[in-house]
Amino acid sequence: MVAGAEGVRSVAVLLVLLVPATGNWLLQCSQCVDQAYYSDDTQKKNLRALHLPDVYKQIKGVKLHQYDHANDEFVNKFFSQTHIGALAGDLKQVMPLAVGLVPERRWIAANGTSQSTRNVNLVRDSYLLYAGLGALQELMKMYETHAGAQTTRETEIDQIITELKTTMHSVLDEQEYNRQKREDLFDQILRAAATVEVLQKSIDLGDRRMEELGVVSNRLTTDVQDLFEVSERYNDTFKLVWQEIQREAEEGLVEFRKATEAQVEIELVKMQAKKIQLEEERATTRIKGEEQRKSEDHRDRVDKRRIEFEQQKKLETEKELLRLQEESNLRQSADKQEHEVKMLEMKLEAEKEQAEMKNKAALEQTKIEAESKIKERRENEDVHLRELKQKGEQENAARLAAIRETAEIIRNYVAEVFGNPEKLALAVGTIIAVCAGIYLAREMAILLREQLNKRLGRPSLVRSTNRISTWGEICMFVRSCCGRAPDPLQHFSDVVLSDALHKQICRLALASRTAKQRKAPLMNLMFYGPPGTGKTMCAMRYAQASGLEYAIMSGGDVAPLEDQAVTELHKLFSWVRRSRRGVLLFIDEADSFLGTRNSSMSEHLRNSLTTMLYHTGTPSSQFMLVLATNRPGDLDSAVLDRVDEAIEFGLPDMMEREKMISMYFRKMLSDPLGIPVLDPTKTPQKPAHAAGESDTAAGRDIVGQSVTTDHLKTVSQKVTGFSGREIAKMFVAVQTHVYASDQLQARATKQKTRGKRNLTMTADMLMEVVDKKVKEHGRTVDMITSGYTYEHQGTPLGSKSGKDIAALHASGFIPPKLKTP
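Since we're looking at a predicted model, the values are computed, not measured.

Asker: Explain the packing of aromatic side chains to me, please; I cannot follow it from the model alone.
Answerer: Throughout the structure, instances matching the rule amount to three aromatic pairs. For the pair Phe 527 and Phe 649, a centre-to-centre distance of 4.8 Å together with 55 degrees between the ring planes defines the contact as tilted. Of this pair, Phe 527 sits in strand β6 (residues 525-528) while Phe 649 sits in the loop between β10 (645-648) and α16 (654-673), placing them 122 residues apart in sequence. The pair Phe 527 / Phe 649 is uniform in exposure class, with both members buried. Ring plane angle 90 degrees and centroid distance 6.3 Å describe the contact between Phe 665 and Phe 731, whose orientation is recorded as edge-to-face. Residue Phe 665 is located in helix α16, and its partner Phe 731 is located in helix α18 (residues 724-749); the two are separated by 66 residues in the primary sequence. Here the two residues Phe 665 and Phe 731 agree in accessibility, since each one is buried.

Asker: Any chance you could explain the confidence of the model for the protein here in plain terms?
Answerer: Interpretation of the predicted coordinates at a detailed level should be avoided for regions scoring low in pLDDT. The predicted model of the protein has a mean per-residue pLDDT of 76, with 77% of residues at 70 or higher. Scored below 50 in pLDDT, residues 685-705 shows 31 contacts in the model against residues more than four places distant or in partner chains. Across residues 795-821, confidence stays below pLDDT 50; counting only partners more than four residues off in sequence or on other chains, it has 24 contacts.

Asker: Would you explain a nonpolar patch on the surface in this entry?
Answerer: Together, Leu 129, Tyr 130, Leu 133, Leu 136, Leu 139, Met 140 and Met 142 give the surface a local cluster of nonpolar side chains, amounting to about 610 Å² of exposed area. Tracing the sequence through the fold places Leu 136 in helix α6 (residues 125-233).

Asker: When you look at helix α4 (residues 52-61) in this model, what are you seeing that I'm missing?
Answerer: Helical periodicity: at 3.6 residues per turn, an α-helix aligns residues three or four positions apart in one direction. Here α4 has its buried residues at Leu 52, Val 55 and Tyr 56. Here the buried residues of α4 occupy an arc of 105 degrees about the axis, which is enough to place them on one side.

Asker: Where do I start with the pattern of salt bridges in this structure?
Answerer: Pairs can form between side chains of opposite charge whenever their charged atoms are close. With the rule as written, the count across this model stands at 18 salt bridges. With its nearest N and O atoms 3.9 Å apart, the salt bridge here joins Asp 382 to Arg 386. In this pair, Asp 382 and Arg 386 both sit in helix α8 (residues 381-419), four residues apart, roughly one turn of the helix. For Asp 382, a relative accessible area of 43% translates into the label partly exposed. In this structure Arg 386 comes out as partly exposed when scored by relative accessible area, which is 45%.

Asker: Looking at this structure, how should I read the nonpolar core?
Answerer: Nonpolar side chains in soluble globular proteins tend to end up buried together. Counting 30 residues, the largest nonpolar core has Leu 572, Leu 585, Ile 587, Leu 594 and Leu 627 as its most contacted members. Residue assignment for this core shows that the elements contributing at least two residues are β7 (549-554), α13 (565-577), β8 (583-588), α14 (603-615), β9 (623-629) and α15 (637-641). If we ignore the near neighbours within four places in the chain, the residues touching Leu 585 are Ala 551, Met 553, Leu 572, Phe 573, Met 624, Leu 625 and Val 626.

Asker: I'm lost on helix α12 (residues 535-545) in this one. Help?
Answerer: Among all positions in α12, only Lys 535, Cys 538, Ala 539, Arg 541, Tyr 542, Ala 543 and Ala 545 are buried. Structurally, α12 contributes buried residues whose contacts are with α11 (499-513), β6, β7, β8 and β9. Where α12 terminates, the next one or two residues include Gly 547, which has phi positive at roughly 80 degrees.

Asker: Teacher, can you tell me more about the packing of α16 against helix α17 (residues 709-718) here?
Answerer: It is the contact of α16 with α17, at a shortest axis distance of 9 Å, that shows an interaxial angle of 125 degrees. One way to sum up the angle between α16 and α17 is to call them oblique. Along this stretch, α16 crosses α17, giving a crossing that reads as right-handed. Here α16 contributes Met 654, Arg 657, Glu 658, Ile 661, Ser 662 and Phe 665 to the contact with α17, which in turn contributes Leu 712, Lys 713, Val 715, Ser 716 and Gln 717. Counted by class, the contact of α16 with α17 contains five nonpolar, three polar and three charged residues.

Asker: Where do I start with the pairing of β7 in this structure?
Answerer: Put simply, side chains in a regular strand alternate between the two faces of the sheet. Here β7 lies mainly inside the structure; six of its six residues are buried. Residues Glu 549, Ala 551 and Met 553 of β7 are buried on one face, and the alternating residues Tyr 550, Ile 552 and Ser 554, pointing to the opposite face, are buried as well. In this sheet, β7 lies alongside strand β5 (residues 464-465) in antiparallel orientation, the contact comprising two bridges. What sits directly across from Ser 464, in β7, is Ile 552. In the sheet, β7 pairs with β8 via six bridges, with the strands oriented parallel. Following the sheet pairing, Ala 551 is matched in β8 by Leu 585. The handedness of the β7 to β8 crossover, carried by α13, is right-handed.

Asker: It is not clear to me how the sheet that holds β5 should be interpreted in this structure. Could you clarify?
Answerer: Sheet strands line up and pair through hydrogen bonds in the backbone, either parallel or antiparallel. On the basis of which strands lie adjacent, the open sheet formed by six strands has the order β5-β7-β8-β9-β6-β10 and mixed pairing. Each edge of the sheet is formed by a strand with only one pairing partner; in this case those strands are β5 and β10. Inspection of the sheet shows β6 paired to β9 by four bridges, in the parallel sense. From the neighbouring strand, Tyr 528 faces β9, where its bridge partner is Thr 629.

Asker: Help me out: how do you make sense of the environment of Val 643 in this one?
Answerer: Its place among the elements puts Val 643 in the loop between α15 and β10. Along the primary structure Val 643 and Val 626 are separated by 17 residues, whereas in three dimensions their C-alpha atoms are 8.6 Å apart. In this view, Val 643 contacts Asn 524, Leu 525, Met 526 and Leu 627; residues no more than four positions away in its chain are not counted.

Asker: Any chance you could explain the packing of α13 against α14 here in plain terms?
Answerer: Packed helices, taken two at a time, are described by the angle between their axes plus the distance between the axes. Look at α13 against α14: their axes get within 9 Å of each other, and the N-to-C directions meet at 20 degrees. The orientation of α13 relative to α14 falls into the category roughly parallel. Read as a crossing pair, α13 and α14 show a hand that is right-handed. Note on element contacts: α14 touches α13 through Asn 607, Ser 608, Thr 611, Met 612 and His 615, opposite Ala 565, Val 566, Leu 569, His 570, Phe 573 and Arg 577. Taken together, the residues that form the contact of α13 with α14 break down as five nonpolar, five polar and one charged.

Asker: Just to check I follow, could you spell out a negative patch on the surface for this structure?
Answerer: Side chains of Asp 204, Asp 207, Glu 211 and Glu 212 sit close together on the surface and give a patch of like negative charge. By relative accessible area, which is 39% here, Asp 207 ends up partly exposed.

Asker: For this particular structure, what's the right way to read unusual backbone geometry?
Answerer: Excluding glycine, a negative phi dihedral is what most residues carry, and trans is how most peptide bonds are arranged. For Lys 519, which is not glycine, the phi torsion reads 55 degrees and is therefore positive. Mapped onto the elements of the fold, Lys 519 is located in the loop between α11 and β6. Of the residues examined, Lys 519 reaches a relative accessible area of 78% and is grouped as exposed. The phi dihedral of Glu 562 is positive, around 55 degrees, even though this residue is not glycine. Residue classification places Glu 562 among the partly exposed positions, given a relative accessible area of 46%.

Calculation criteria
Residues numbered from 1 in each chain as written. Predicted model: local features only at pLDDT ≥ 70, side-chain atom pairs only at ≥ 80, totals over all residues. Heavy atoms only, no water. Phe/Tyr/Trp six-rings, centres within 6.5 Å; stacked < 30°, edge-to-face > 60°. Helix = DSSP H or I, 4+ residues; strand = E, 2+ residues; numbered from the N terminus. Buried < 20%, exposed > 50% of the residue type's maximum accessible area, 1.4 Å probe, protein only. pLDDT = per-residue confidence, 0-100. Contact = heavy atoms within 4.5 Å. Patch = residues over 30% accessible without salt bridge, like charges linked within 9 Å, V, L, I, M, F, W, Y side chains within 5 Å. Areas by Shrake-Rupley, 256 points an atom, 1.4 Å probe, with all protein chains shown as cover. Salt bridge = Lys/Arg side-chain N within 4 Å of Asp/Glu carboxyl O. Arc of directions from axis to C-beta. Core = buried A, V, L, I, M, F, W, Y, C linked by side-chain atoms within 4.5 Å. Axes fitted to C-alpha atoms, helices over the stretch in contact; angles between N-to-C directions. Parallel < 35°, antiparallel > 145°, perpendicular 65-115°, else oblique. Left-handed = near helix turned anticlockwise from the far one by under 90°. Nonpolar A, V, L, I, M, F, W, Y, C, P; charged D, E, K, R; others polar. Pairing = 2+ DSSP bridges. Right-handed = clockwise from strand over helix to strand, strands pointing away. Lys, Arg positive; Asp, Glu negative; His and termini not counted. Charge placed at Lys NZ, Arg CZ, Asp CG, Glu CD.

Next comes the structure, spelled out in structure tokens:
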């Protein structure tokens, strides 16, 4: 909104310069434009709190549209006619106070003519700005309310989980108690089953006895029937006898049955007695076994204690023996060492005495020899001088003779060559043939290398890559096995990013590094943001941290290939899929050939885009795309659909600029030139040198100790809006300025610049370069936003009248081709 207000203000000033003073009352009233942004409390009344929910509803009801300007205005000739905004009629229904009526609006068309419109609705951008701020405050209140409720729900859920854990522990304890009860009940059932089995055997024995008794009874019944049949054949005379026999038989049967029952009862009593006897024997056996086990346990414990006691005594005895033996060994070694030390001292003293005697003898001998040589030199000085003079003359004569002989040989050869035309032609032809052979060999080697790169090496679209050969991979593997594997995130140690962006990049790099282990495809990314914010460098470091190879290509290289673009793209992806580690394919300026498909796109570029979409339609674990663009809105929708995460690289903030400035100062000035940065809170300023004392005398080779950390913070404040590339170029300019100042100073003092000189850098020199770069940055931004306007002596040409400009053209001060807006 502030930028919009600045644009309105600039247009108003331009109209004031071009329109007479009596033309439009609205353009003469600057407070109509600026009063909403000035905090003049004396001009405000009826202050009251704003009802934020109503403002929130109004903002929700605002409808945004995309429209095209009907007329080509002067201020829009540098921008597209398409714009977004709200219609005044729709906005007036939702927010009546945000729309005002202007009696007349004048504007300049692209052809320079003045146009006007009456009764125009004017949208108060300041009203919309503060309404949006109120809606944002309402959203923050709603968020805080929901966040508090969410925290309360999480606390309640934690309490419920704690209670459930307590209940589960109680249920588990109850299940353990029931299990023990079931085991006890199962033991009781087993004992009851054994008792029932014993009783069942007794009952089976009684049943067998009753069956035998039934058999005897059946036999008796058969005999009685036989007798009855016999008695029927007898006459009535024997009836009395039969009755008597029958009576006797019945009495015998009753007695037999009674005897059998008595026998069964006797057997049952015997079985019960036997059972009781067996139980008593079992109890006795159990008691005896327990007593025996207790006695064995007691015996084992006694034996164990006795063995432990004996082992402890034995161990103490052995320790005592070892201690005594060590003390004895120590005493013996100390005595032996003392004796050896004494022997060595005596030996050293003897050797020292011998060496001193030898040194004295050698010194005496050397002294005598030197004195004799000196004496001999003094006595035969003229002889030695004559010998040296003769030797020098001989060497000079031999050197001159060799030179004469060589010159004679060359003269004869040249005379022979130039005297014989055939030899001259042969020599010239040989020289030309050798030069041509060298040139052709070099050109053929270059051609052969290009052909091998095309057929076996990297594709022509790839500008740079870090792919290595198989032998290189083996060497890297051996080095990684021999040493400790480095931290993959160390590749981002010299990259200055914001904390949130650094964490996001590291998270994605680790995810890509473990993608093959997790059997997951690699993610496609999009880096977008202003130029010079480190997108390409971060992509290269991302590939190194994720263990992938990288290949960098530019989107502008595709369009010139025309019909060969599709073939080169197929070769590129075939080359990418042959990688063992996977490839990060970085496409810089991706909007150059991945833009939105429309009627103005050429057929070759459309085919290239289709080929790119074909190769990237399915997620792959072999390669990943990283698109870099300054205009993400121009990319095709299908390309954006293939992007898994979009990361914005913005301009550095204050903290990031401080880090970059410290890093580039160290790389450009401290490391190569030795210019330090002082901390005024810790390092005291050194006193000035005394008169006549130079820096070299003070022990310093490079002088530059006046730059402190406070100066670097000031620089970081001045370069607001600079990108990382602009900061780097600024410090290159600082380094160049330091060297240039040294050369100029050397020329002024007429000193030679050979060898190492003292390079001087002060805070004023640093600030001078920084101020120049800040002005250059401002001029660049102005040229991008409003074009170039030539200014002479602080007066813009746009403020001069038409006659003045024509006079300047006529005088030749302004070239005819220079146009002023």
